[in-house]
Amino acid sequence: MSETQAAPGTVYLVGAGPGNPELLTVRARRLLDSADVVMHDSLVHDDLLGSVPESTRLVDVGKRPENGERTTQEEIHDLLVEAANEPASVVRLKCGDPTVFARGGEEAEALAEAGVDCEIVPGVTSAIAAPGVAGIPVTHREHASALTVVTGHEDPTKPESALDWEALAETVAAGGTLSILMGVGKLPENMAALRAAGLDPETPVAMIERATYEDETVVTGTVGTIVDRAERADISPPAVTLVGDVVEVREAIDACVQSLGRQLVTTGQYSQIEGD
Ligand code: SAH
């Protein structure tokens, strides 16, 4: 195992995992302990940010401090290149895995164009971890042999949508699992698109909000009922929506599955809305 510390002039695109700092990789921890600069998004646990040495320059590129607007992707590229050229060692910290809906690829391309060395440090992605900690395996020999991870942020009714909802419905109907990230806002449209594509409205669905945080919340239902249930439970981002028969496995194992979110309950509360 390499024990090198963060090197000046290098940008490390690091996955922070889904939330709880216990789910960081050893490599990520070592780099966070030795980097000069840590540039992070908004979806990173406060305890993790609080755990870096005091001398580290922490830069929040989730929102601009002056006006709360998002830092643009181009600005982030410039900030990364500038810091690396100081030369500083830079950790670019993203939630989950840096290559899953995190623009890690774009940042690596921008760094390559500027001639800056970079390393991709994988993280535990919420696409798999959020259902996992809630007792839902994304594959299972008897239920699912395929996993598809998609963004739920696009409008499925728009012709320019990059997602083929008919194909997604077919995948689930054929026994695959669909893991939808960024899908809270467009949940009604996405469930309607799956139904319109012929998916059985009884297909099980789970939503896992703030997985591994102290206030982790799980709601289960079906393609036909989840919109109503999510609304009643006031599910808000970040949440993963999981569609497929594997959701049923949770019932069998829930009684014995402990989750980090549940173990760490202090002020928050683990909540669950069971099926009818
Ligand atoms: N790179 C990240 C995904 C970034 S996109 C990863 O690999 O996990 C942001 C989306 O990730 C959120 O909208 C939500 O769908 C999901 N997400 C991230 N953290 C989460 C968490 N703790 N619980 C549930 N969903 C989470």
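For the structure itself, look to the data block above.
Not measured: the values here are computed from a predicted model.

Caption draft 1: Summary view of unusual backbone geometry. A cis amide bond links Glu 86 with the next residue in sequence, Pro 87, at an omega value of 5 degrees. Along the chain, Pro 87 falls in the loop between helix H3 (73–84) and strand S4 (90–94). Across the junction of Pro 237 and Pro 238, the peptide omega takes the value 0 degrees, indicating a cis bond. By the secondary structure assignment, Pro 238 is in the loop between helix H8 (226–232) and strand S10 (239–243). For Arg 103, which is not a glycine, the phi torsion comes out positive at approximately 60 degrees. Within the element layout of this structure, Arg 103 appears in the loop between S4 and helix H4 (104–113). A relative accessible area of 45% places Arg 103 in the partly exposed class. Despite not being glycine, Asp 234 shows a phi value in the positive range, around 55 degrees.

Caption draft 2: Focus on the sheet that holds strand S2 (residues 37–40). In space, the five strands of this open sheet follow the order S3-S2-S4-S1-S5, with parallel pairing throughout. The sheet is open, and its two edges are formed by strand S3 (57–60) and strand S5 (117–121), each paired on a single side. Each strand of the sheet is rotated relative to its neighbour by a mean of 20 degrees, with strand direction disregarded. Strand direction decides the pairing type here: strand S1 (residues 10–15) and S4, joined by five bridges, are parallel. Residue pairing across strands places Gly 15 opposite Lys 94, the latter belonging to S4. Against the sheet, helix H1 (residues 26–34) touches S1, S2, S4 and S5, its axis set at about 135 degrees to S1. Across the sheet, H3 is in contact with S1, S2 and S4; its angle to S4 comes to roughly 150 degrees.

Cut-offs applied
Residues numbered from 1 in each chain as written. Predicted model: local features only at pLDDT ≥ 70, side-chain atom pairs only at ≥ 80, totals over all residues. Heavy atoms only, no water. Helix = DSSP H or I, 4+ residues; strand = E, 2+ residues; numbered from the N terminus. Buried < 20%, exposed > 50% of the residue type's maximum accessible area, 1.4 Å probe, protein only. Pairing = 2+ DSSP bridges. Axes fitted to C-alpha atoms, helices over the stretch in contact; angles between N-to-C directions. Contact = heavy atoms within 4.5 Å.

Function-wise, these values are silent; they only describe arrangement.
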